[in-house]
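What follows is each chain in one-letter form.
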Amino acid sequence: MEIRIGVQNVAREIVLESSQSADEVRSAVEAAVSGGTALELEDERGRRVLVPAGVLGYVEIGAEGPRRVGFGA
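All values derive from a computational prediction rather than experimental measurement.

Participant: Before we go on, may I ask you to explain the sheet that holds strand 2 (residues 14–17) in this structure?
Facilitator: Whether parallel or antiparallel, the strands of a sheet pair through hydrogen bonds between backbone atoms. As summarised here, the arrangement of the three strands in space is 2-1-5, forming an open sheet in which the pairing is antiparallel. Pairing within the sheet leaves two strands with one partner each, and these edge strands are strand 2 and strand 5 (56–61). Averaged over all pairs of adjacent strands, the angle between their axes in this sheet comes to 15°, without regard to strand direction. The sheet contact formed by strand 1 (residues 2–7) and strand 2 spans four bridges and is antiparallel. When the bridges of strand 2 are listed, Ile 3 appears paired with Leu 16. Running over the sheet, helix 1 (residues 22–35) touches strand 1 and strand 5 and is turned about 165° from strand 5.

This is the structure we're talking about:
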């Protein structure tokens, strides 16, 4: 699923593809914001993204499901 993270005072957003479920991402965001810690997510390639909770602008969680490939409908 695609996750978009907006950071305060930064024009570009962080975009990553993750194999984590929407509930896992939501609980990680809630824990980071309520605890004042860094939001830590892992992308499909195993790389970790860390964003301090104090600078989070928004987190957009895409729909779960397989990615569509090609030009067909």
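Back to the write-up after that little detour.
Participant: Before we go on, may I ask you to explain unusual backbone geometry in this structure?
Facilitator: Backbone phi values are negative for most residues with the exception of glycine, while trans is the configuration of most peptide bonds. The backbone of Asn 9 shows a phi angle near 65°, a positive value even though the residue is not glycine. Residue classification places Asn 9 among the exposed positions, given a relative accessible area of 84%.

Participant: Can you help me understand the nonpolar core in this one?
Facilitator: Proteins that are soluble and globular tend to have nonpolar side chains buried together. Of all hydrophobic cores here, the largest spans 15 residues; its most connected members are Ile 3, Ile 5, Leu 16, Leu 39, Leu 41 and Val 51. Where this core is concerned, the elements lending two or more residues are strand 1, helix 1, strand 3 (38–42) and strand 4 (48–52). At four residues, the largest contribution of residues to this core is made by helix 1. With residues up to four places along the chain from it excluded, the contact list for Ile 3 reads Ile 14, Val 15, Leu 16, Ser 18, Val 25, Leu 41, Val 59 and Glu 60.

Participant: Explanation requested: the side chain of Asp 43 in the structure shown.
Facilitator: Residue position: Asp 43 is located in the loop between strand 3 and strand 4. Overall, the relative accessible area of 10% leaves Asp 43 in the buried class. At 3.0 Å, the side chain of Asp 43 and the backbone nitrogen of Arg 45 are in polar contact. Reaching out from Asp 43, the side chain makes a polar contact with the backbone nitrogen of Arg 47 at a distance of 2.8 Å.

What counts, and at which threshold
- Residues numbered from 1 in each chain as written.
- Predicted model: local features only at pLDDT ≥ 70, side-chain atom pairs only at ≥ 80, totals over all residues.
- Heavy atoms only, no water.
- Pairing = 2+ DSSP bridges.
- Helix = DSSP H or I, 4+ residues; strand = E, 2+ residues; numbered from the N terminus.
- Axes fitted to C-alpha atoms, helices over the stretch in contact; angles between N-to-C directions.
- Contact = heavy atoms within 4.5 Å.
- Buried < 20%, exposed > 50% of the residue type's maximum accessible area, 1.4 Å probe, protein only.
- Core = buried A, V, L, I, M, F, W, Y, C linked by side-chain atoms within 4.5 Å.
- Polar contact = N/O pair within 3.5 Å; in protein donor to acceptor, adjacent residues only side chain to side chain.

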